[in-house]
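Here is how the chains run, residue by residue.
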Amino acid sequence: KRIGIREAHLEADAGKSTHPAGQDYSLVDLNRAGTPLIEIVSEPDMHSPAEAKAYVRELYLRMRYADVSDCNLYYGNMRFDVNVSVNSDPSKLGTRTETKNLNSFRSVEKAAEYEINRQIEVLEKGELITQETRGWDDAKQKTFSQRSKEDAHDYRYFPDPDLPPVELDDNHIAAIKAEMPIMPSEWRKRLSVLGLDKSAMETLLDADTEFTEVSYLTLIEEVIADKDFAKALANWFVNLEIPMYRDTESTARQLANQDRLAAYRAAYDLLSNGKLSSSGAKTLLQRILSSGEVVKDVSNFAQRHNLIQESDEGEIAKIVNKVITENPKAVEDLRTGETKAIGFLVGQVMKHSQGRANPQLAQEHIKKALNI
């Protein structure tokens, strides 16, 4: 969905007022007064709380990737004001309220949701919506009235004679565009060739705004010509490393990017050659990342940690015969066409081999032993 931008203008932060509950005074914080800020005003193109949440998250990502700001929501580098109106006539806008200074994507969604329901309830009672500024009580998950809201003309804006107009020519704009980094929409396009699900792509995009020591997207881009490895790498990042990396004490942070990539490549090669199972590859990478050390010989490291799969066909055949003898019911189920039984029997082989048997070889030997 395309959301229009009405305008983007510079303001100076006016400071902050705090009104302690149950007290007869207010506190004024002028620490940020005079700090320049950009206010981006969108068109009324969003028609649900979910759309509002998606929009502010995308705006956040674009500001981060363009290096406009740290956009730290906790510290107030970025805030959201939500204007909401409802009307029984979809071609007209109703009287709006503005809920100020929301500091999370979820609060944007919840504040919009609350205001929609509140305004509908007011209108269904035959009452009128008051145009006003409202605050958000995160603990109670509800908005509350702060002050009546003026329209733009009530502010009595006028041109400042000391500020000359700024004119940007086409060449200057083109030069800025050429210097822009890769933006989220372009990253999504590049990652789409790997067939990643949407959730995985968004996790990677978020991670690149969250961590400064490593760019997961850049590492994937380095190997994207090898699609199978790039996809495996992306999934390992999403499901294994990023959750580990969020721990600020994690030893995974000690690895240089190229050492990290080399370890993943070696693990992938062992997996592709049947020397590691998928769970074994995950365990191997967890141990390498947890060590925080450069592992030059990943195969030897896996061998020392008993992760290399057993591919000795004679040894696997012995285990298969034992499993067949111990599980006559599963064998009978398999003979009568119950396909799930093969998975159970392979699982038993893996159990007897302490997870080291090559499951593909185990399955082949089971079928061969039962003439299936």
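Look up: the structure comes first, before these words.
In this text, all values refer to a predicted model and were calculated from it rather than measured experimentally.

Caption draft 1: Here's a closer look at the sheet that holds strand 5 (residues 80-84). Taken in spatial order, the four strands make up an open sheet running 5-6-7-8, and their pairing is mixed. Taken across any chain shown, the strands that pair with only one partner, and hence form the sheet edges, are strand 5 and strand 8 (142-148). Recorded for the sheet is a direction-independent mean angle of 30° between the axes of neighbouring strands. The pairing of strand 6 (residues 97-102) with strand 7 (residues 132-137) spans three bridges and is parallel.

Caption draft 2: Spatial organisation of unusual backbone geometry. Even without a glycine there, the phi angle at Cys71 is positive, about 55°. In this structure, Cys71 sits in the loop between helix 1 (49-65) and strand 5. A relative accessible area of 3% means that Cys71 is categorised as buried. Phi at Gln141 takes a positive value of approximately 55°, unusual for a residue other than glycine. The residue Gln141 is located in the loop between strand 7 and strand 8 in this model.

Caption draft 3: Structural context of the packing of aromatic side chains. By the definition in use, this model includes ten aromatic pairs. An aromatic cluster is defined as three or more aromatic residues linked by ring pairs; in this entry it consists of Phe211, Tyr216, Trp236, Phe237, Tyr245 and Tyr264. It is Arg190 that lies over the ring of Trp187; its NZ or CZ is 5.6 Å from the centre.

Caption draft 4: Broad picture of the pattern of salt bridges. Scanning all chains against the criterion turns up 24 salt bridges. Residue Glu186 is joined to Lys189 by a salt bridge in which the shortest nitrogen-to-oxygen separation is 4.0 Å. Of this pair, Glu186 and Lys189 both sit in helix 4 (residues 184-191), separated by three residues, roughly a single helical turn. On the basis of relative accessible area, Glu186 is assigned to the partly exposed category, the value being 28%. As a salt-bridge pair, Asp269 and Arg265 come within 3.9 Å of each other at their nearest N and O atoms. In this pair, Asp269 and Arg265 are both assigned in helix 8 (residues 257-272), four residues apart and thus about one turn of the helix distant. Of the residues examined, Asp269 reaches a relative accessible area of 34% and is grouped as partly exposed.

Caption draft 5: Focus on the environment of Leu205. Locating Leu205 in the fold gives a position in helix 5 (residues 198-210). The spatial distance from the C-alpha of Leu205 to the C-alpha of Tyr245 is 15 Å, given a sequence separation of 40 residues. Apart from the residues within four sequence positions on either side, Leu205 is in contact with Leu61, Tyr65, Pro184, Trp187, Arg188 and Leu217.

Caption draft 6: Seen up close, the nonpolar core. If you look at the biggest cluster of nonpolar residues, it comprises 70 residues, and the most contacted ones within it are Leu204, Tyr216, Ile220, Phe237 and Leu284. Broken down by element, the residue count for this core peaks at twelve residues, all from helix 7 (residues 227-245). Listed in part, the 19 residues of the second largest apolar core include Ile316, Ile324, Ala330 and Val346.

Caption draft 7: Looking closely at the environment of Glu222. Here Glu222 shows up in helix 6 (residues 216-222). Taking C-alpha positions, Glu222 is 9.6 Å from Leu261, a pair spaced 39 residues apart along the chain. Discounting residues that sit within four places of it in the chain, Glu222 has contacts with Gln258 and Leu261. A polar side-chain atom of Glu222 sits 3.2 Å from a polar atom in the side chain of Gln258.

Caption draft 8: Examining a nonpolar patch on the surface more closely. Among the surface-exposed residues, Leu10, Ile38 and Val68 lie close enough to one another that they form a single nonpolar patch of about 320 Å² accessible area. Note on placement: Ile38 falls in strand 4 (residues 36-42).

Cut-offs used in this document
For every chain, the first residue of its written sequence is number 1, and the numbers climb from 1 along that sequence. In view of the model being predicted, local features appear only for residues whose pLDDT reaches at least 70, and side-chain atom pairs are presented and counted only at 80 or more, with totals across whole chains, interfaces and linings using the full set of residues. Hydrogen atoms and water are omitted, and side-chain values are computed over all heavy atoms in the structure. Strands pair, by our definition, only if DSSP identifies at least two bridges between them. Here a strand is any run of E in DSSP of at least two residues, a helix any run of H or I of at least four, and the numbering for each starts at the N terminus. With axes taken as lines fitted to C-alpha atoms, and helix axes fitted only over the stretch in contact, angles between N-to-C directions fall between 0 and 180 degrees. The cut-offs for exposure are 20% and 50% of the maximum accessible area for each residue type, with area from a 1.4 Å probe on protein chains only; residues under the lower value are buried, those over the upper are exposed, and the others partly exposed. Pairing of aromatic side chains requires ring centres within 6.5 Å, counting the rings of Phe and Tyr and the six-membered ring of Trp. Pairs whose planes differ by under 30 degrees are stacked, by over 60 edge-to-face, and all others tilted. Look at NZ for Lys and CZ for Arg. If either is within 6 Å of the ring centre and within 35 degrees of the ring normal, a charge sits over the ring. What counts as a salt bridge is simple: a side-chain nitrogen of Lys or Arg found within 4 Å of a carboxyl oxygen of Asp or Glu. The contact criterion used is simple: two residues touch if any of their non-hydrogen atoms lie within 4.5 Å. Residues grouped as a nonpolar core are buried Ala, Val, Leu, Ile, Met, Phe, Trp, Tyr and Cys residues, joined through side-chain atoms within 4.5 Å. Identification of polar contacts relies on pairs of N or O atoms within 3.5 Å, with a donor-acceptor requirement for protein atoms, meaning one able to donate a hydrogen and the other able to accept it, and with residues adjacent in sequence counted only if both atoms are side-chain atoms. Patches here are clusters of residues that have more than 30% relative accessible area and form no salt bridge, with a 9 Å joining cutoff for like charges and a 5 Å cutoff for nonpolar side chains (Val, Leu, Ile, Met, Phe, Trp, Tyr). Under the convention used here, a 1.4 Å probe and the Shrake-Rupley method define accessible areas, while residue burial counts only the protein chains that appear.

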